[in-house]
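In case you want the letters, here they are:
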Amino acid sequence: MENKVLRGKAWVFGDDIDTDLIYHNKYLAETDPKKMPQYSFEYLPGKENFAKEVKEGDFVVAGTNFGCGSSREHAVYCLKYAGVPVILAESFSRIYYRNAINNGYPVLFVKGLSQAIKDGKIKDGDDLEVDLEKGEIRDLTNGNSFHGDAVADLEMDIMKAGGLIEYLKEKAVSK
Amino acid sequence: MGKTFAEKVLGKAAGESVSAGQVVIVEPHFCMSHDNAAPIWGTFKKIGVDKVWKPDHLVFILDHAIPAPTDKHAENHKQIREVVKEQGIRYFYDVTSKGGVCHQIMCEEGFALPGLIMVGSDSHTCTYGAFGAFSTGIGRSEMAATWATGQIWFRVPESMKITVKGKFKKGVSAKDLILKIAGDIKADGADYMSIEFHGPAIEEMSLAERMTLCNMGIEIGAKNAVCPPDQKVLDFIKPIAKTDEWEAMWADDDAVYAQELNYDLGDIEPCVAKPHTVDNYASIGEVKGTPIHQAFLGSCTNARIEDLRLAADILKGKEVAVRTIVIPASWSVFRQAMKEGLIDVFLDAGCVITNPGCGPCMGNHEGILAPGETCISTANRNFKGRMGNKESNIYLASPMTVAASALKGEISDPREVL
């Protein structure tokens with residue numbers, strides 16, 4: 001994972017966005033991750049256009065408990081392969097968080113984000129600048145800034161390897 | 001300073017004394033997968049290992065869509081049978097009369113055991129805490145990695161202590177308690193935490209009731225949920241345990257908790273979770289009279305013999321007003337229900353009974369809703385579109401509330417028909 005400053009538009013979500021809203025169970029039989037983005041947020045009112053309109057580099061911005069519910073990894077793949085470089089949320093459900101890490105997919109824990117979303121301090125379509133390494137998030141549209149905490153220690157090692165499978169392969173080679 | 005249940009179990013497995021916040025790498029015991037064993041196998045092959053680490057530790061149970069409703073599902077099942085053969089997987093529950101909902105099978109067949117670390121590629125794996133196991137759901141990549149290495153990382157969780165006393169009033173059950181807890185602390189109230197249920201009322205509860213509580217730990221964000229491995233647990237597991245490597249372990253009295261909650265069962269009343277979140281609590285009085293189109297008595301949360309008895313008590317000699325789908329949690333539950341005459345009670349009342357499995361719970365088959373329809377369900381999730389259509393509504397409730405509502409065709413208070 002290189003240290004670079006990312007720029008993109010924000011897609012803003014509330015609290016407790018569950019896995020059926022991110023990726024509905026109707027499409028669970030799909031096994032090719034690259035085909036999953038077309039179903040992203042299909043069941044979430046107001047975000048039905050996400051799959052069609054999301055651009056590579058756009059950010060998903062959410063409140064608390066993002067990804068609660070099922071253990072389906074589809075809910076990570078459908079955003080990763082849509083080109084969303086990182087998910088910014090106040091907090092993640094435990095299984096979603098592990099699935100992201102295990103697929104080398106960056107997440108940032110951003111304190112105060114849930115309230116900021118409710119207060120309209122960060123909105124759909126805002127231009128964001130995100131420094132992944134420093135955890136700095138700037139909303140270029142309105143000048144607000146936020147701070148996100150990256151994952152630590154073992155999780156970071158897994159992320160840096162590109163995911164759990166790659167991490168295990170590296171470990172096997174270095175033994 | 002004492003240790004919590006999670007600190008003790010993970011510490012024993014790691015071979016050192018551990019505290020919340022530490023990362024440990026441990027070898028889990030049983031690893032459960034259902035129909036998703038097929039895609040997990042696909043990921044496993046990419047790791048570059050030929051054999052799973054211990055074929056006796058893998059348990060495959062087909063339940064999500066059985067018998068296969070589509071050719072895609074049939075293909076998955078076929079592949080799983082091939083993997084079972086190739087890898088010599090010892091514990092496989094195919095589409096036979098030995099099967100049922102995976103979490104029910106894990107418990108009634110003696111896999112869920114005190115002190116074991118267990119993982120499953122399904123979020124409701126936390127159910128096994130009812131038997132004193134440390135069990136948690138993981139994703140598919142992680143399960144593939146566990147098959148290959150026999151190892152998994154855990155951050156030792158903070159713990160939440162929920163102490164329960166008192167007795168349920170008539171018409172109230174464990175489902176009402178866990179829906180109340182979800183309403184109080186919300187869907188993220190126990191994120192990443194280990195929930196420990198303590199207190200005299202938990203000891204009084206049947207294993208089935210404890211399973212309902214632990215099953216829904218994930219709905220409040222918990223990593224795992226657990227009840228004490230008391231005599232009731234030991235009497236149940238000793239004759240059926242699939243391994244003797246278990247050990248009854250429990251938290252110290254002076255363990256340190258991130259949060260403590262107290263409940264008196266006497267304060268709990270019949271309730272529901274309104275659409276579309278599990279923490280959207282409403283007492284029965286607030287929603288009474290809401291019209292329904294379907295009632296569902298099933299799932300890993302509430303389809304054990306104890307649940308069927310409670311529902312049958314209400315349905316006996318009466319007729320349902322809306323289509324009512326009954327799915328016993330396993331074939332052994334089904335048989336017991338037959339012996340007790342409960343299947344006749346359901347059929348006489350006009351219910352439809354389907355084969356044990358997950359059924360319509362996550363919208364696969366056997367009871368998908370139409371746009372604009374409302375279902376009252378004993379399952380664990382009411383997310384928008386969960387039962388197949390995004391314009392439908394799901395209310396979660398206890399078996400008694402579901403049965404009472406089925407009779408009237410609207411959400412009803414079970415206390416009025418008992």
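Keep in mind it's a predicted model, so treat the numbers as computed, not measured. (Residues numbered from 1 in each chain as written. Chains lettered and ligands numbered in written order. Predicted model: local features only at pLDDT ≥ 70, side-chain atom pairs only at ≥ 80, totals over all residues. Heavy atoms only, no water.)

Take the overall build of chain A next. Along chain A, the regular secondary structure elements total seven helices and seven strands. Helices and strands in chain A line up, N terminus first, as β-α-α-β-α-β-α-β-α-β-β-β-α-α. Compactness check: chain A gives a C-alpha radius of gyration of 16 Å against a globular reference of 16 Å for 175 residues, within 12% of the reference. Relative to its 175 residues, chain A shows a buried fraction of 60%. With an accessible surface of roughly 7200 Å², chain A has 47% of that area assigned to carbon and sulfur atoms. Looking at charge distribution, chain A has the averaged site of its 23 positive side-chain charges lying 2 Å from that of its 29 negative ones. (Helix = DSSP H or I, 4+ residues; strand = E, 2+ residues; numbered from the N terminus. Rg over C-alpha atoms; globule rule 2.2 N^0.38 Å. Buried < 20%, exposed > 50% of the residue type's maximum accessible area, 1.4 Å probe, protein only. Areas by Shrake-Rupley, 256 points an atom, 1.4 Å probe, with all protein chains shown as cover. Lys, Arg positive; Asp, Glu negative; His and termini not counted. Charge placed at Lys NZ, Arg CZ, Asp CG, Glu CD.)

Take the domain arrangement of chain B next. Residues and elements named next belong to chain B. If you check the domain split of chain B, you get domain 1 (5–242 + 258–263) and domain 2 (270–416). Each side of the interface is counted separately: domain 1 has 37 residues, and domain 2 has 39 residues. The contact between domain 1 and domain 2 buries some 3000 Å² in all, and 58% of this surface belongs to carbon and sulfur atoms. Per-residue buried area on domain 1 facing domain 2 is highest for V101, K175 and L179; these three make up 18% of the total on that side. Counting the contacts that link domain 1 with domain 2 gives one salt bridge. (Domains from an automatic or database assignment. Contact = heavy atoms within 4.5 Å. Buried area = accessible area lost by both parts, 1.4 Å probe. Salt bridge = Lys/Arg side-chain N within 4 Å of Asp/Glu carboxyl O.)

We now examine helix α14 (residues 399–408) of chain B. The buried fraction of α14(B) amounts to nine of the 10 residues, a majority that puts the element mostly inside the structure. By the burial criterion, the buried members of α14(B) are P399(B), M400(B), T401(B), V402(B), A403(B), A404(B), S405(B), A406(B) and L407(B).

All right, on to the pattern of salt bridges then. Taken as a whole and judged by the stated rule, the model has 26 salt bridges over all chains. Two residues, K47(A) and D124(A), come together in a salt bridge whose shortest N-O distance is 2.9 Å. Remark: D124(A) occurs in the loop between α5 (113–118) and β5 (127–131) and K47(A) occurs in the loop between α1 (19–22) and α2 (50–53); sequence separation between them is 77 residues. Beyond isolated ion pairs, a larger network of salt bridges with shared partners links D20(A), R72(A) and R386(B).

The subject of this paragraph is helix α12 (residues 331–339) of chain B. Residue and element names in this part refer to chain B. Those residues of α12 lying buried are V333, F334 and A337. Each buried residue of α12 sits inside an arc of 105 degrees when the element is viewed along its axis, so together they form one side. Exposed side of α12, more than 90 degrees from the buried face: R335 and K339 are the residues found there. If you follow the buried residues of α12, they end up packed against α4 (102–108), α11 (305–315), α13 (342–348) and β16 (352–353). One side-chain oxygen of the residue at the start of α12 lies 3.4 Å from the amide nitrogen of S332, identifying that residue as S330. Directly after α12, the chain includes G341, whose backbone phi takes a positive value near 80 degrees. (Arc of directions from axis to C-beta. Polar contact = N/O pair within 3.5 Å; in protein donor to acceptor, adjacent residues only side chain to side chain.)

Between two packed helices, both the angle of their axes relative to each other and the distance between the axes serve to describe the pair. Residues and elements named next belong to chain A. One way to put it is that helix α4 (residues 94–102) packs onto helix α6 (residues 153–161) with a least axis distance of 8 Å and a crossing angle of 45 degrees. Here α4 is positioned oblique relative to α6, judged by the angle of their axes. Contacts between α4 and α6 involve Y97, I101 and N102 on the former and, on the latter, E155, I158 and M159. (Axes fitted to C-alpha atoms, helices over the stretch in contact; angles between N-to-C directions. Parallel < 35°, antiparallel > 145°, perpendicular 65-115°, else oblique.)

Let us now look at the nonpolar core. By size, the foremost hydrophobic cluster in this structure holds 83 residues, and its most contacted members are F66(A), L79(A) and W147(B). Tallying contributions element by element places helix α2 (residues 37–47) of chain B first for this core, with six residues. When neighbours within four sequence positions are excluded, W147(B) is seen to be in contact with S33(B), A37(B), I40(B), W41(B), F44(B), V52(B), W53(B), L58(B) and F60(B). Residues C102(B), L116(B), Y128(B) and I327(B) belong to the second largest nonpolar core, which totals 67 residues. (Core = buried A, V, L, I, M, F, W, Y, C linked by side-chain atoms within 4.5 Å.)

On the chain A side, the residues contacting the 39 residues of chain B number 44 residues. With both sides pooled, the region where chain B packs onto chain A buries about 3400 Å², and carbon together with sulfur makes up 54% of that total. Broken down residue by residue, the surface that chain B buries against chain A is led by W153(B), Y192(B) and K384(B), which jointly contribute 20%. Where chain B touches chain A, the interface holds three salt bridges. A salt bridge links E155(A) to R155(B); the nearest nitrogen and oxygen atoms lie 2.9 Å apart.

Moving on, we get to the sheet that holds strand β2 (residues 31–33) of chain B. Residue and element names in this part refer to chain B. The five strands lie next to each other as β4-β3-β2-β5-β6, forming an open sheet whose pairing is parallel. With partners counted over all chains shown, the strands left at the sheet margins are β4 (91–93) and β6 (134–137), one partner each. Put simply, the sheet's adjacent strands are angled 15 degrees from each other on average, direction ignored. Bridging between strand β3 (residues 58–61) and β4 involves three bridges; their strand directions are parallel. The partner of F60 across the bridge, within β4, is F92. Of the strands in this sheet, β5 (117–120) and β6 touch helix α1 (residues 5–14), which is tilted by about 90 degrees from β6. Across the sheet, helix α5 (residues 140–149) is in contact with β2, β3 and β5; its angle to β2 comes to roughly 135 degrees. (Pairing = 2+ DSSP bridges.)

Our next topic: the sheet that holds strand β6 (residues 136–139) of chain A. Within a sheet, neighbouring strands are paired by backbone hydrogen bonds and run either parallel or antiparallel to one another. All names here are of chain A. Reading around the barrel, the seven strands line up as β1-β2-β3-β4-β7-β6-β5 and close back on themselves, with mixed pairing between neighbours. With direction set aside, neighbouring strand axes in the sheet form an average angle of 35 degrees. Bridge analysis of strand β1 (residues 5–12) against β5 gives five bridges, and the strand direction is antiparallel. Note that in β5 the partner of R7 across the bridge is E129.

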